[in-house]
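A look at the structure
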Amino acid sequence: MNKENLLLYFIMGSNNTSQPPSQVLKKAINGGITCFQFREKGSGALKGKEKETLARELQSICCKHKIPFIVNDDTELAISLHADGIHVGQDDESIQELKKKCPSSMIIGVSAKTIEEAEEAERQGADYIGTGPMFMTTTKEDAELPIGPEGIWALRKQGIQLPIVGIGGINETNAVEVIEAGADGVSFISAISQADDPEKAASTLKDRLT
Ligand code: TZP
Ligand code: MG
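Parameters and conventions
Residues numbered from 1 in each chain as written. Chains lettered and ligands numbered in written order. Predicted model: local features only at pLDDT ≥ 70, side-chain atom pairs only at ≥ 80, totals over all residues. Heavy atoms only, no water. Phe/Tyr/Trp six-rings, centres within 6.5 Å; stacked < 30°, edge-to-face > 60°. Helix = DSSP H or I, 4+ residues; strand = E, 2+ residues; numbered from the N terminus. Buried < 20%, exposed > 50% of the residue type's maximum accessible area, 1.4 Å probe, protein only. Salt bridge = Lys/Arg side-chain N within 4 Å of Asp/Glu carboxyl O. UniProt positions renumbered as here; feature names shortened; annotations may be inferred. Polar contact = N/O pair within 3.5 Å; in protein donor to acceptor, adjacent residues only side chain to side chain. Axes fitted to C-alpha atoms, helices over the stretch in contact; angles between N-to-C directions. Left-handed = near helix turned anticlockwise from the far one by under 90°. Contact = heavy atoms within 4.5 Å. Nonpolar A, V, L, I, M, F, W, Y, C, P; charged D, E, K, R; others polar.

1. Observations concerning the packing of aromatic side chains
- Per the stated rule, a full pass over the model turns up 4 aromatic pairs.
- Where phenylalanine 38 meets phenylalanine 69, the ring centres are 6.5 Å apart and the plane angle is 20°; that geometry is what we call stacked. Of this pair, phenylalanine 38 sits in strand 2 (residues 35–38) while phenylalanine 69 sits in strand 3 (residues 69–72), placing them 31 residues apart in sequence. Here the two residues phenylalanine 38 and phenylalanine 69 agree in accessibility, since each one is buried.
- An aromatic cluster is built from Phe10, Phe36, Phe38 and Phe69, whose rings are joined through pairwise contacts.

In structure tokens form, the structure reads like this:
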């Protein structure tokens, strides 16, 4: 995959915003995001046909603007939509399984924060890892304690070469620290999905990093 696409990685599901998700996504794209992950999870998350309909709507917006569309933890959906990628956690389907099922062009992202998890992701052929939480977050219901940008330093120091995206509590004031620690990109939900002006939020984040 193209590492540059990871720089401003926006993640959203329908329960992360009070505005129509398609509107938020369009504004975020206008503001300069470089990648999008559809993450329909947690309380009130859509299921079945409704989930698929929203996924298709957001995917077509991404497609029109040449923004990679990644599906969180739903391999069947990712495959049936011909999504650009799939992102899984440590407790989800293994990379080995994904490699068997998915087209070889599909980007595979994995959440990994310990050196063991990162090395395993590298061995299995993941395209990037998501590491966090960097900072305190209230968006993920079961989020663990923050590891800080130091967590990324540590992985780099121990030789991890895979592209890394920081996640968790990242906003315009702390995004730079994450990149300086060795990440290729920052990912965020609420910094954009909860902003009154998602376009401005995205463009401010972009200004901080470019
Ligand atoms: N994984 C670790 S923290 C987190 C996820 C999905 C939530 C990130 O949301 P926010 O609003 O950017 O802190
Ligand atoms: Mg998961």
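2. Considering the pattern of salt bridges
- If you walk through the whole model with that rule in mind, you get 13 salt bridges.
- Here glutamate 97 and lysine 100 are joined by a salt bridge, their closest N and O atoms 3.1 Å apart. Here the residue glutamate 97 and the residue lysine 100 both occupy positions in helix 4 (residues 95–101), the gap between them amounting to 3 residues, near one helical turn.
- Judged by relative accessible area, which is 62%, lysine 100 ranks as exposed.
- Because the salt bridges share partners, they merge into one network encompassing Lys3, Arg156 and Asp184.

3. Section: the UniProt feature "binding site: Mg(2+)" (unreviewed entry) in the protein chain
- UniProt's feature table lists "binding site: Mg(2+)" (unreviewed entry) at Asp73 and Asp92, given in the numbering used throughout. Maximum C-alpha separation among the annotated residues is 6.8 Å over a sequence range of 20 residues, consistent with a single clustered spot.
- By the secondary structure assignment, aspartate 73 is in the loop between strand 3 and helix 3 (75–80).
- Here aspartate 92 shows up in the loop between strand 4 (85–88) and helix 4.
- In this structure the side chain of aspartate 92 is engaged in a polar contact, spanning 2.6 Å, whose partner is the backbone nitrogen of glycine 89.

4. Focus on the packing of helix 1 (residues 21–31) against helix 9 (residues 198–209)
- Relative orientation of the contacting elements helix 1 and helix 9 amounts to 30°, with a least axis distance of 7 Å. Read as a crossing pair, helix 1 and helix 9 show a hand that is right-handed. Along the contact surface, helix 1 presents Val24, Lys27, Ala28, Asn30 and Gly31, while helix 9 presents Pro198, Glu199, Ala202, Ser203 and Lys206.
- Grouping the constituent residues of the contact of helix 1 with helix 9 by class yields 4 nonpolar, 3 polar and 3 charged.

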